[in-house]
Amino acid sequence: VQLQASGGGLAQAGDSLRLSCAASGGSLRGYRMAWFRQVPGKEREFVSAIDRGTGRSLYADSVKGRFTASRDNARNTVYLQMNSLKPEDTAVYYCAASSRVITSAVRDSSMYDYWGQGTQVTVSS
């Protein structure tokens, strides 16, 4: 499975952006999907994960209530709607897929087998 993330860009505090992660070479139906983000010099940070079938999502406390993950299995795409953006949301955002991760481990980046290339989100104050 190849993942292609897009939708990043420049935003001002309070703005919204929607990231997309399109898959090719296989269906995402069997994968739990996640979003991580990373800033230079820091470890990759969990943002959100979304279940295979139920669409139930988990979020990092830092984005809860502002970000919403969703998936469209028919389009083989997952999304991250980011509202009320803050300067501290500035990072490279990565989508990831895993067929083996369990709920208790969704925040562990090592559990994901496939990664997109990342898309830069920059939020100015």
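Below, the structure is looked at part by part. A quick note: this is a predicted structure, and the numbers were derived from the prediction, not measured.

## A few points about the pattern of salt bridges
When charged atoms on two side chains of opposite charge get close, those side chains can pair. According to the stated counting rule, one finds eight salt bridges in the structure shown. Note that Asp89 is salt-bridged to Arg37, the shortest N-O span being 3.0 Å. Here Asp89, found in the loop between strand S8 (77–82) and strand S9 (91–98), pairs with Arg37, found in strand S4 (residues 32–38); they are 52 residues apart in sequence, far enough to count as distant. The exposure classification of Asp89 matches that of Arg37, with both residues buried. One network of salt bridges, in which partners are shared, links Arg37, Glu45, Arg66 and Asp89.

## A look at the state of the cysteines
All told, the structure shown has one disulfide when counted by the stated rule. There is a disulfide in this structure between Cys21 and Cys95, and the S-S distance comes to 2.1 Å. Since a negative S-S torsion denotes a left-handed disulfide, the Cys21-Cys95 link at about 70° is right-handed. Here Cys21, found in strand S3 (residues 17–24), pairs with Cys95, found in strand S9; they are 74 residues apart in sequence, far enough to count as distant. With a relative accessible area of 0%, Cys21 lands in the buried category.

Cut-offs and rules
Residues numbered from 1 in each chain as written. Predicted model: local features only at pLDDT ≥ 70, side-chain atom pairs only at ≥ 80, totals over all residues. Heavy atoms only, no water. Salt bridge = Lys/Arg side-chain N within 4 Å of Asp/Glu carboxyl O. Helix = DSSP H or I, 4+ residues; strand = E, 2+ residues; numbered from the N terminus. Buried < 20%, exposed > 50% of the residue type's maximum accessible area, 1.4 Å probe, protein only. Disulfide = S-S within 2.5 Å.

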